[in-house]
Amino acid sequence: DKVIRVVPESERETQILRAAFNRLKVDLWQPSSPFHIVEGAVADVRVPQNATRSLLPFLQQANIPYTILISDLQQAIENQTAGRSRRSRRSLPGYNYEVYHSLEEIEDWMLYLNRTYSDLVHMFSVGKSYEGRPLYVLKLGKRSRPYKKAVWIDCGIHAREWIGPAFCQWFVKEALQTYQTDPDMRKMLTQLYFYIMPVFNVDGYHFSWTNDRFWRKTRSKNMRFHCHGVDANRNWKVKWCDEGASLHPCDDTYCGPFPESEPEVKAVAHFLRKHRKQIKAYLSFHAYAQMLLYPYSYKYATIPNFNCVESAAYNAVNALQSAYGVRYRYGPASSTLYVSSGSSMDWAYKNGIPYAFAFELRDTGHFGFLLPEMLIKPTCTETMLAVKNITLHLLKKCH
């Protein structure tokens, strides 16, 4: 298998690519559906070995240039997790935050923190997944007063975006390790609670470790079609199944049979609704594109508190860049990325959470979903600066 990049340079090329990718049912990495392929924007496609013989000559005949991003995908997967089999099951005090962890390892780690840092960490479950796994959340913060504002952070809505869960774990580590020494972190944990969900789509994440590294959706079964899963970021009750979502159960952007059909989405939506007065920010972590997005996703329009959100995004992106010079684009999701309906970020915003952001972490396609473990640390370090920046912005009054 290979991953190739195509940039259509005319309306004709755009139409040809949309049709070909639709017909061949290729795995689009960027954008998430053929519908979003537009003139002048990159399309990254995973081409299975058996389709290479048909697709690449087809592109050459149509005079559409392409570049090969990853020439041997299997090799790239093996490179990413090279040390995995040799890695000893380390004791938790020596937990390695610079490698990717399986669902079991992440759950053991959460249980360990819950026991070890009982003054700052409280672990609970908001429900069960389709396959019956608990949906764990860590509540992080000093129990300094009965009522505190809160920030919600989730990672891993899309199973194959492994850098997301890695960041959620990194955030918790940083909070616990620097709480004593860093006045900003102390202020954040004293004045706020953080609800952190390291793996939103637990079934899908588990499946991406055991069966298909590039699985994106949940794992619910569809009776009429023999396809599994719903895009958990198209399943929310906000302009559900409109533009940028698919009605076909086999598509990667399938919106589901109805809003909140997925138990994972339903459970989180229920929790957020219940705490909507307390939660002031919603942050969701995805990959890849190096962007910081805010509402709306489903339409081209300016949000009412645009100035506050825009300045928070601007400052966050600058803080992020200060670490390694990595530039993030930022702006409304619809115009910065593409229009998509039924997203968690739009839903959070519509339900009264004033600061709703979606991060698209590294990189911009060189590794795509296979970001090597050696890039976990720099990616998380710079992202941490952005998140702290947004959080401190929240604590100041914005008019």
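Residues numbered from 1 in each chain as written. Predicted model: local features only at pLDDT ≥ 70, side-chain atom pairs only at ≥ 80, totals over all residues. Heavy atoms only, no water.

A. Structural context of the pattern of salt bridges. Within the structure shown, the criterion is met by 13 salt bridges. In this structure, the salt-bridge partner of Asp27 is Arg160, at a minimum N-O distance of 3.0 Å. A residue pair is termed long-range when its members are at least 10 positions apart, and Asp27 in strand S2 (residues 27-30) and Arg160 in the loop between strand S7 (149-155) and helix H5 (163-178) qualify at 133 residues. For the residue pair Asp27 and Arg160, the accessibility class agrees, reading buried in each case. The network of salt bridges with shared partners includes Asp1, Asp27, Arg46, Arg160 and Asp252. (Salt bridge = Lys/Arg side-chain N within 4 Å of Asp/Glu carboxyl O. Helix = DSSP H or I, 4+ residues; strand = E, 2+ residues; numbered from the N terminus. Buried < 20%, exposed > 50% of the residue type's maximum accessible area, 1.4 Å probe, protein only.)

B. Structural view of unusual backbone geometry. Cis geometry is adopted by the peptide bond preceding Tyr288, which originates at Ala287 and carries an omega value of 5 degrees. Backbone torsion omega between Arg362 and Asp363 reads 0 degrees, so that peptide bond is classified as cis. Secondary-structure assignment places Asp363 in the loop between strand S12 (355-361) and helix H12 (376-395). Even without being a glycine, Asn63 presents a positive backbone phi close to 65 degrees. Along the polypeptide, Asn63 turns up in the loop between helix H2 (49-61) and strand S4 (66-70).

C. Just the UniProt feature "domain: Peptidase M14" (unreviewed entry) in the chain, in detail. Mapped onto this numbering, the UniProt entry annotates "domain: Peptidase M14" (unreviewed entry) at residues 99-394. Between the end C-alpha atoms of residues 99-394 the distance is 31 Å, and the span holds 37% helix and 18% strand. (UniProt positions renumbered as here; feature names shortened; annotations may be inferred.)

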